[in-house]
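Coordinates in review
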Amino acid sequence: MTTTKPVGERRVVANVLRGSIGNLVEWYDWYVYAAFSIYFAKTFFPSGDPTAQLLSTAAVFAVGFLMRPLGGWLLGRYADKYGRRSALTLSVTVMASGSLLIAVTPGYQTIGIAAPVLLLLARLLQGLSVGGEYATSATYLSEVASAGKRGFYSSFQYVTLVAGQLVALGVQIILQQFLDKAQMYDWGWRIPFVIGAAAALIVMWLRRSMDESAQFEAAAAESVPLVNSMGDAVTASSTAPRGSLRMLMQYPRECLLVVGLTLGGTVAFYTYTTYMQKYMKLSVGIPEETVSWINFFALLAFVVLQPLAGALSDRIGRRKLLIFFGVAGTLLTVPIMTILGQTKNPIGAWALMMGALVIVTGYTSINAIVKAELFPTKIRALGVGLPYALTVAIFGGTAETIALTLKKAGHESVYFWYVAGCIAISLLTYLFMRETSASSTIEAEQAAADAGTGTGVGTAEPERRLTTA
């Protein structure tokens, strides 16, 4: 007994690493677009106004988000029917295709309107991929994690998500050291997309060697009664295909919870990370190279915070961290963004950005596991993926576009109040929701599997129940 437990833990770590590195590459590909849009905007959208060019690329960025619900549905359903490993491999393949298309597409001066059309097509492919990646990755990490450490291991989804953005910024900083501005605007911006496409192909091969989730294999082999979060019996498992919308409709409360959990967090995250780079450059007036360094070091510290907060949630519960984010985000977003707008000192700007990221850590470090703990295995990937992707598409994907539009209209400060308001709405969800970690579906399934086999690899999915807080 003493020799098998460490082996099991090593397998957990190995699977988490394989899943996480793929997640990193996917999000690197996604964020390279945002990081380098200041360089390729004029290639696809010729205009004399830099803000108008960035607004055009931001609109395409937002359109990419519209594909995320479709990706969450298609790949979430695929993951629930055919396995997490297969879905993760498929998603990274689609992402590689989108990155490669951006890398090789000629500019507007060469092929005219076809240039922005191909850029849009590539972004739609990436949106489809990342829409499925989030839910499937969250599901996989939560299912392969050790009991009692699910918050810690699941936090690596955002470790690698943010690390993907960090690597994108790192590539940008390196290129800025070796290429002058003219080269960056001319052809240098294509290099990171080539890197992303090549890395995605490597990850596609790595993901084929991951272990499938034992809970998925058990659920695929058995069909047992389920109950919803109110304790009422449902018959979806016997009448609806696994991973179908018909089965998902048996969990309306859980779907609404995912929307409420996500709304404020996604707006805050894209504000404090993606839009912050444009805000410091266009509104604060900090040079591009300095902005890149500020973002790099702030995100590096942000990555370190994720597993610390995830491990804390295993001890004190998920809800307390979410309430911290909701209260602090509601009260401090406007002051932080307002003061930052008047800060020319790079260290001061970094400190303000870091303060915002500490706040949002209360959401990012645990949001994946909280959502995964709401659903049973047979509907988990779709249950997490579809409502989450819809919310992110509507609110996260439009955050930068709304901010730039308000800036162009001369009312940029209104956006700060918009962010605070979105966080306040999510705070209401956090205040009235039940704690998930003490009575999660995942823990119940794993306990039943342990009792049935003594190895932690079960052969049947137990009845699902969430007790009241």
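Look a little higher up for the structure.
The model shown is predicted, which means the values in this text are computed figures rather than measured ones. (Residues numbered from 1 in each chain as written. Predicted model: local features only at pLDDT ≥ 70, side-chain atom pairs only at ≥ 80, totals over all residues. Heavy atoms only, no water.)

What to know about the packing of helix H8 (residues 156-178) against helix H14 (residues 252-284)
For the pair H8 and H14, the least separation of the axes is 13 Å and the interaxial angle reads 5°. On the basis of the axis angle, H8 is roughly parallel to H14. When H8 is examined against H14, the residues Tyr 158, Leu 161, Val 162, Gln 165, Leu 169 and Gln 172 are found in contact with a partner set consisting of Phe 269, Thr 273, Thr 274 and Gln 277. Per-class residue counts for the contact of H8 with H14 are five nonpolar, five polar and no charged. (Axes fitted to C-alpha atoms, helices over the stretch in contact; angles between N-to-C directions. Helix = DSSP H or I, 4+ residues; strand = E, 2+ residues; numbered from the N terminus. Parallel < 35°, antiparallel > 145°, perpendicular 65-115°, else oblique. Contact = heavy atoms within 4.5 Å. Nonpolar A, V, L, I, M, F, W, Y, C, P; charged D, E, K, R; others polar.)

Structural notes on the packing of H14 against helix H16 (residues 318-340)
Packing of H14 against H16 leaves a shortest axis separation of 12 Å and a crossing angle of 20°. As judged from the angle between their axes, H14 and H16 are roughly parallel. Pair H14 / H16 crosses with left-handed handedness. Mapping the contact onto sequence places Leu 261, Gly 264, Gly 265, Ala 268, Thr 271, Tyr 272, Met 276, Tyr 279, Met 280 and Val 284 in H14 and Leu 322, Phe 325, Thr 333, Met 337 and Leu 340 in H16. (Left-handed = near helix turned anticlockwise from the far one by under 90°.)

Some remarks on a nonpolar patch on the surface
Residues Leu 70, Trp 73, Leu 74 and Leu 245 make up a contiguous nonpolar surface patch of about 310 Å² in total accessible area. No other element matches helix H3 (residues 68-82), which puts three residues into the nonpolar patch. Mapped onto the elements, Leu 245 comes out in helix H13 (residues 245-248). Relative accessible area serves as the criterion here: at 38%, Leu 245 is assigned to the partly exposed category. (Patch = residues over 30% accessible without salt bridge, like charges linked within 9 Å, V, L, I, M, F, W, Y side chains within 5 Å. Areas by Shrake-Rupley, 256 points an atom, 1.4 Å probe, with all protein chains shown as cover. Salt bridge = Lys/Arg side-chain N within 4 Å of Asp/Glu carboxyl O. Buried < 20%, exposed > 50% of the residue type's maximum accessible area, 1.4 Å probe, protein only.)

A short note on the environment of Val 60
Assignment of secondary structure puts Val 60 in helix H2 (residues 50-66). Sequence spacing of Val 60 and Leu 124 is 64 residues, and the spatial spacing of their C-alpha atoms is 8.8 Å. Contacts of Val 60, omitting those with residues within four sequence positions, involve Tyr 33, Phe 45, Leu 119, Leu 120 and Arg 123.

Some thoughts on the packing of aromatic side chains
Geometrically, a pair of aromatic rings is defined through the distance of the ring centres and the angle of the planes. Applying the stated criterion to the full structure yields 26 aromatic pairs. Judged by centre distance (5.0 Å) and plane angle (65°), the ring pair of Tyr 39 and Tyr 185 falls under edge-to-face. Here Tyr 39 is found in helix H1 (residues 4-44), whereas its partner Tyr 185 is found in helix H9 (residues 181-186), with 146 residues between them in sequence. On the basis of an interplanar angle of 65° and a centroid distance of 6.0 Å, the ring pair of Phe 40 and Phe 193 is categorised as edge-to-face. Of this pair, Phe 40 sits in helix H1 while Phe 193 sits in helix H10 (residues 191-207), and the two are 153 residues apart along the sequence. The cationic tip of Arg 123 hangs over the ring face of Trp 30; the distance from NZ or CZ to the ring centre is 3.8 Å. The residue whose ring lies beneath Arg 123 is Tyr 33, and the NZ or CZ to ring-centre distance is 4.3 Å. (Phe/Tyr/Trp six-rings, centres within 6.5 Å; stacked < 30°, edge-to-face > 60°. Lys NZ or Arg CZ within 6 Å of the ring centre and 35° of its normal.)

Things to note about helix H17 (residues 346-364)
Compared with an ideal rise of 1.5 Å per residue, which puts 19 residues at 27 Å, H17 spans 25 Å between its outermost C-alpha atoms and is within 8% of the ideal. Bending of H17 peaks at approximately 25° at the position of Val 358. Residue Asn 345 occupies the N-cap position of H17, its side-chain oxygen lying 2.8 Å from the main-chain nitrogen of Ile 347. (Expected span 1.5 Å × (residues − 1). Bend = angle between axes of the 7 residues up to and from the residue. Polar contact = N/O pair within 3.5 Å; in protein donor to acceptor, adjacent residues only side chain to side chain.)

Some thoughts on the nonpolar core
Of all hydrophobic cores here, the largest spans 86 residues; its most connected members are Phe 269, Tyr 270, Met 280, Leu 357 and Phe 375. The next biggest cluster of nonpolar side chains, apart from the first, holds 23 residues, and it includes Ala 35, Phe 44, Met 184 and Trp 189. (Core = buried A, V, L, I, M, F, W, Y, C linked by side-chain atoms within 4.5 Å.)

Brief notes about the environment of Ile 38
Summarising the element assignment, Ile 38 is placed in helix H1. Along the sequence, Ile 38 and Trp 189 sit 151 residues apart, while their C-alpha atoms lie 9.4 Å from each other.

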